[in-house]
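Structural characterization, general
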Amino acid sequence: MKSGNNLVLEFSTAAYEYARQCLITILDSSTQYVGMIRHSEETSGAKVDTCIKVYNRKSDSSQGKNLKFVVNLYHTSSTMVVNGSRVDLYVSDIHKLLCNELSKKGHMLTSLNDNITSTISKLTSSAPNPNHNLAAVNTNCHNNLDDLAISFRTDESKESNEDTDICPICNKISLLDTIECSECSLWIHNECAGLSQSAVFNALLS
């Protein structure tokens, strides 16, 4: 707890992404609360933070007029700040449910964080290789989760060569936020494949 009745929660990158999805799910299924969501975006369209105003839920499931607490989600720092007059309701009714969901995925979240750290390390120490051979690929890369094999880069699984992987769609370096196509074995940016961040995390954690 910070001054001004602010509850500040700091997460690892993977835990934050999963926690904010779980929070919305918990509120949607709640018989007590209704969450009104607003996103703040940069000029590029990237969402940098989310504000969820939590009201009471009426007996007919509609939104009431009593604002209970506000949850601010800061995507760039993986931080959640809960404030308002009834932060105690978040602690008693929401926080335990959220922690339970995170604990169920603890091992997977640790693995995700390790791979994020490894990928960033490789990204900062590598430069695109202009001589990287991108042979013509005639195989279709379907942009749906059923046809894409999502796998992690680890020191054990990555081949021992110095070539940097290039996304075949945008022809840019593909180290962060990528998936491996099960048909052509190339690493494709999630965005290039038409996959949202939430869809990829849901698939990895299912």
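Heads up: these notes are all about the structure in this document. Since the structure is predicted, the reported quantities are computational estimates derived from the model, not experimental observations.

1. Looking at the environment of C99
Its place among the elements puts C99 in helix α2 (residues 87-104). For C99, a relative accessible area of 35% corresponds to the partly exposed category. Between the alpha carbons of C99 and A19 there is a distance of 8.4 Å; along the sequence they are 80 residues apart.

2. Some thoughts on α2
Taking 1.5 Å per residue, 18 residues should reach 26 Å; α2 reaches 25 Å between its end C-alpha atoms and fits that length. Within α2, the axis deviates most sharply at I94, by approximately 45°. Of all the positions in α2, only V87, L89, Y90, I94, L98 and L102 are classed as buried. Residues of α2 that are buried make contact with β1 (7-10), α1 (13-29), β2 (33-41), β4 (63-74), β5 (79-83) and α3 (106-125).

3. Here we look at the pairing of β4
Both strand β3 (residues 47-57) and β4 contribute to a ladder of 8 bridges, which runs antiparallel. Opposite D49, over in β4, you have Y74 as the bridge partner. Linking two consecutive strands that pair antiparallel, namely β3 and β4, is a turn of 5 residues; a positive phi of about 75° is found at S61 within it. One ladder, built from 5 bridges, connects β4 with β5; its direction is antiparallel. Of the residues in β5, the one forming a bridge with L73 is M80. Following β4, the chain reverses through 4 residues before pairing antiparallel with β5; S78 in that reversal takes a positive phi of roughly 55°.

4. Quick notes on α3
Between its first and last C-alpha, α3 extends 29 Å over 20 residues, near the 28 Å set by a 1.5 Å rise per residue. Of all the residues in α3, the buried ones are L109, L112, N113, N115, T119 and K122.

5. Some words on the sheet that holds β3
Spatially, the 5 strands line up as an open sheet ordered β1-β5-β4-β3-β2, and their pairing is antiparallel. Taken across any chain shown, the strands that pair with only one partner, and hence form the sheet edges, are β1 and β2. Ignoring which end each strand starts from, the neighbouring axes of this sheet average 20° apart. On top of the sheet, α1 reaches β2, β3, β4 and β5; it is set at about 25° to β3, its chief contact.

6. Focus on the pairing of β2
Where β2 lies against β3, 9 bridges are found, and the strand directions are antiparallel. Considered in β3, the bridge of R38 is made with C51. Remark: 5 residues form the turn of the hairpin made by β2 and β3, two consecutive strands paired antiparallel; G45 in that turn has positive phi of roughly 100°.

7. Thoughts on the packing of aromatic side chains
With the rule as written, the count across this model stands at 3 aromatic pairs. Ring geometry for Y33 against F69: centres 5.8 Å apart, planes inclined by 65°, an arrangement best described as edge-to-face. Linking Y33 in strand β2 with F69 in strand β4, this pair joins segments that are 36 residues apart in sequence. Taking the relative accessible area as the measure of exposure, Y33 reaches 4% and is therefore buried.

8. Let's talk about a nonpolar patch on the surface
Taken together, the side chains of I120, L123 and L176 define a hydrophobic patch exposed on the protein surface, amounting to about 210 Å² of accessible area. Considering the arrangement of structural elements, one finds L123 in helix α3. Overall, L123 belongs to the partly exposed group, its relative accessible area being 31%.

9. A closer look at the nonpolar core
The biggest cluster of nonpolar side chains holds 28 residues, and the ones touching the most others in it are F11, F69, V71, M80, V82, Y90 and I94. The element that contributes the greatest number of residues to this core is α1, accounting for 9 residues. Formed by 6 residues, the second largest nonpolar core is a distinct cluster that contains I179, I188, A193 and L195.

10. A look at the environment of N113
Position of N113 among the secondary structure elements: in helix α3. N113 sits in the buried class, given a relative accessible area of 19%. Along the chain, N113 and S12 lie 101 residues apart, while their C-alpha atoms are 7.3 Å from each other. Every residue in contact with N113, bar those within four places of it in the chain, is listed here: S12, T13 and A14.

Here is what the cut-offs are and how they apply
Position numbers for residues start from 1 in each chain and track the written sequence from start to end. pLDDT decides what is reported in this predicted model: residues at 70 or higher carry local features, side-chain atom pairs at 80 or more are listed and counted, and totals for whole chains, interfaces and linings draw on all residues regardless. Calculated side-chain values reflect all of the structure's heavy atoms, with hydrogen atoms and water omitted. Each helix corresponds to a stretch of at least 4 residues labelled H or I by DSSP, and each strand to a stretch of at least 2 residues labelled E; elements are numbered beginning at the N terminus. To sort residues, take the accessible area from a 1.4 Å probe on protein chains only and compare it with the maximum for the residue type: under 20% means buried, over 50% means exposed, and anything in between is partly exposed. Helices are assigned an expected span. That span is 1.5 Å times one less than the residue count. Take the seven residues that end at a residue and the seven that start at it, fit an axis to each, and the angle between those axes is the bend at that residue. Two residues form a contact once any of their heavy atoms are found within 4.5 Å. Here, strands pair whenever DSSP counts at least two bridges between them. The angle between two axes is taken between their N-to-C directions and runs from 0 to 180 degrees, where each axis is a line fitted to C-alpha atoms and a helix contributes only its stretch in contact. Between 30 and 60 degrees the pair is tilted, below 30 it is stacked and above 60 it is edge-to-face, where a pair is any two Phe, Tyr or Trp rings, Trp via its six-membered ring, whose centres lie within 6.5 Å. Here the term patch refers to residues with relative accessible area over 30% and no salt bridge, with like charges joined within 9 Å and nonpolar side chains (Val, Leu, Ile, Met, Phe, Trp, Tyr) within 5 Å. Residue exposure ignores everything except the shown protein chains as possible cover, and the areas themselves are Shrake-Rupley values with a 1.4 Å probe. When a carboxyl oxygen of Asp or Glu lies within 4 Å of a side-chain nitrogen of Lys or Arg, that pair is called a salt bridge. To define a nonpolar core, start from buried Ala, Val, Leu, Ile, Met, Phe, Trp, Tyr and Cys residues and group those joined through side-chain atoms within 4.5 Å.

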